[in-house]
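# Structural overview for review
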Amino acid sequence: MILKQHLIFIVYSLCGTAFKASQGQFPMTQNMTAVEGGTANMTCRVDYNDNTSLQWSNPAQQTLFFGDKKALRDNRIELVRASSQELTISISEVALSDEGQYTCSLFTMPVKTTKAFLTVLGVPERPYITGFTRPAMEGDMITLTCSTAGSKPAAQIRWFRNEKEVQGTKEVNATGKSFSVSSSLQFQVDRRDDSVAYTCSVEHVSLAASPYQVTEVLEVHYAPHLEITHSLIIPQEGQYFKLECVSRGNPIPEPVLWSKDGGELPDAERMIVEGRELTITTLNKTDNGTYRCEASNHLGTSSAEYVLFVYDPNALGQRGPDHALIGGVVAVVVFITLCLIIVLGRYLARHKGTYLTHEAKGAEDAPDADTAIINAEGNHVHAEEKKEFFRQDAGRNVPHLKSENLGFANNYAFREEHVKCINVNNM
């Protein structure tokens, strides 16, 4: 009897321990991210399990696997590993419709579940560019549009003009679970756009560091522009001389026609035309004149001119310093110096005369020195202050004056004395 009770106690204890252990276990999962078309592995684990089954269900709550038994007939879903502590399945060729919340269940009493979210990245389609006109005409307004579809989340589009990024106008539209994205560039075409490569780059998390790119090269037709280059700076008699008609235009302007002074080239033996080049084998004075090249395409005609003057090498060798130039420079310097001296002298004289004129104003018609001082400008009010005692000196009265009026009094006294001398002589 005692042994039977002891066995019952042991069995009860073991069952109770197992029950408590199973009660403390929860399945463990983690969220997954997969690229559309790739493979997603979903894993569910428990630390302890007493042979209780694990189960995976899809977002529609359809059982995928119950332990190692496949429940849903989907060839894309395969068993990777099944044990008492782990259940791992794989989903190949993942589609956007596979995205959602998956459930791992541990069939204890009660059943314990854990959720795992599968995120599917929609891979954008390869982009394409519309709006190219071949060829475009200079001055046309065109719109280039780069488009891609099927991305999730929405893809990013970048534009490049050759190697430099330019900004476009982006538009995003949802299409089911994915997005359609486009970006547009609008500009007026000019000749600088000819042969320029416009590249559309589509970037997305599913593409990692390898964005999709598409490039179109713009062809622009424009009217020709010509200019003439020459091989010598100072052409001299007897030298070999070459003119080249450099043309820019699309289509290439041709043929190039050369003329001299409005007519044909006069000496076909010495003047050789090869394509865009005119070569004069031996220069002489008769080659002086205006040379003209002309070319055209279907958008217009252009021309350029070059005036040729052939120098005598002997005259160039005998030329010494340009005395006329040196003399002219010296004359200009001397003239400017004299002008400065005259202006400065007049300025100083004018200011000195102004000072004397203002100081002596009112003293010209005074009958005596005392009155001259009183009549000087600015001295009427304080006339009495400027008078001082007279003293006899050389037979005439001379007032003791303040310093600022002494000059005027002396001037007056000098004029008075001069008049007296004249009267004495006349007598």
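Residues numbered from 1 in each chain as written. Predicted model: local features only at pLDDT ≥ 70, side-chain atom pairs only at ≥ 80, totals over all residues. Heavy atoms only, no water.

Take the overall build of the protein next. When helices and strands are tallied, the protein shows 6 helices and 27 strands. For the protein, restricting intrachain contacts to residue pairs at least 6 apart in sequence, the fraction spanning at least 24 positions comes to 60%. In the structure as shown, the protein presents an accessible area of about 26,800 Å², 56% of it carried by carbon and sulfur atoms. (Helix = DSSP H or I, 4+ residues; strand = E, 2+ residues; numbered from the N terminus. Contact = heavy atoms within 4.5 Å. Areas by Shrake-Rupley, 256 points an atom, 1.4 Å probe, with all protein chains shown as cover.)

Right, let's get into the packing of aromatic side chains. Each aromatic ring pair is described using two quantities: the centre-to-centre distance and the angle formed by the ring planes. Under the criterion given, the structure shown has 4 aromatic pairs. On the numbers, 4.9 Å between centres and 80° between planes, the contact of F309 with Y311 is edge-to-face. Directly above the aromatic system of F26 lies the positively charged group of K112, at a separation of 4.8 Å from the ring centroid. (Phe/Tyr/Trp six-rings, centres within 6.5 Å; stacked < 30°, edge-to-face > 60°. Lys NZ or Arg CZ within 6 Å of the ring centre and 35° of its normal.)

Moving on, we come to the state of the cysteines. In the structure shown here, the tally under the stated rule is 3 disulfides. Between the sulfur atoms of C146 and its disulfide mate C200 the distance is 1.7 Å. An S-S torsion of about -65° defines the bridge between C146 and C200 as left-handed. Here the residue C146 occupies a position in strand β12 (residues 141-151), and C200 occupies one in strand β17 (residues 196-203), the gap between them amounting to 54 residues. A single burial state applies to C146 and to C200, both of which are buried. (Disulfide = S-S within 2.5 Å. Buried < 20%, exposed > 50% of the residue type's maximum accessible area, 1.4 Å probe, protein only.)

Take the nonpolar core next. One finds I129, L144, W159, F187, Y198, C200 and L218 to be the most contacted residues of the largest nonpolar core, which totals 23 residues. Those elements that place two or more of their residues in this core are β12, β13 (156-161), β16 (178-188), β17, β18 (212-218) and β19 (220-230). Residue contacts for L144: discarding those within four places in its chain leaves I129, T130, G131, F132, W159, S183, S184, L185, F187 and Y198. In terms of nonpolar packing, the next biggest core, distinct from the first, is built from 21 residues, C44, F65, I77 and V120 among them. (Core = buried A, V, L, I, M, F, W, Y, C linked by side-chain atoms within 4.5 Å.)

The next point concerns the confidence of the model for the protein. Looking at the protein as a whole, the pLDDT averages 81, with 74% of positions reaching at least 70. Confidence drops under pLDDT 50 across residues 377-427; counting only partners more than four residues distant or on other chains, this segment forms 47 contacts. (pLDDT = per-residue confidence, 0-100.)

Turning our attention to the sheet that holds strand β1 (residues 32-35). The sheet built from 6 strands is open, its strands ordered β1-β9-β8-β3-β4-β5 with mixed pairing. Among the strands making up the open sheet, the edge pair consists of β1 and β5 (69-70). (Pairing = 2+ DSSP bridges.)

The next point concerns the sheet that holds β12. Read from one edge of the open sheet, 4 strands run β10-β12-β16-β15, paired in antiparallel fashion. With one partner strand each, in any of the chains shown, β10 (128-130) and β15 (169-175) form the two edges of the open sheet. If you compare each strand with its neighbour and ignore which way they point, the axes differ by 20° on average. Pairing between β15 and β16: 7 bridges, direction antiparallel. Bridge assignment links K170 to a residue of β16, and that residue is S183. (Axes fitted to C-alpha atoms, helices over the stretch in contact; angles between N-to-C directions.)

On to a nonpolar patch on the surface. Nonpolar side chains collect at one region of the surface, where I326, V330, V334, L338, I341 and I342 lie side by side and expose about 560 Å² of accessible area between them. Structurally, the position occupied by I342 is in helix α3 (residues 323-360). (Patch = residues over 30% accessible without salt bridge, like charges linked within 9 Å, V, L, I, M, F, W, Y side chains within 5 Å. Salt bridge = Lys/Arg side-chain N within 4 Å of Asp/Glu carboxyl O.)

When you line up the elements, K260 lands in strand β21 (residues 257-260). K260 has contacts with L265, P266, M271, T286, D287, N288, G289, T290 and Y291, leaving out every residue within four places of it along the chain.

The next point concerns the environment of C293. Relative to the helices and strands, C293 resides in strand β24 (residues 289-297). Sequence spacing of C293 and P255 is 38 residues, and the spatial spacing of their C-alpha atoms is 10.0 Å. Once you skip the residues sitting within four places of it in the chain, C293 turns out to touch L226, I228, C245, V256, L257, W258, S302, S303 and A304.

A word on unusual backbone geometry. Omega for the bond connecting R134 with P135 falls within 30 degrees of zero, at -10°, which places this linkage in the cis form. Looking at the element boundaries, P135 is found in the loop between β10 and β11 (136-137). Note that the residue after K152, namely P153, is joined by a cis bond; omega there is -5°. The residue P153 is located in the loop between β12 and β13 in this model. Positive phi, normally seen in glycine, also occurs at E93, with a value near 50°. With respect to the helices, strands and loops of the structure, E93 is situated in the loop between β7 (86-91) and β8 (100-106). For E93, a relative accessible area of 57% corresponds to the exposed category.

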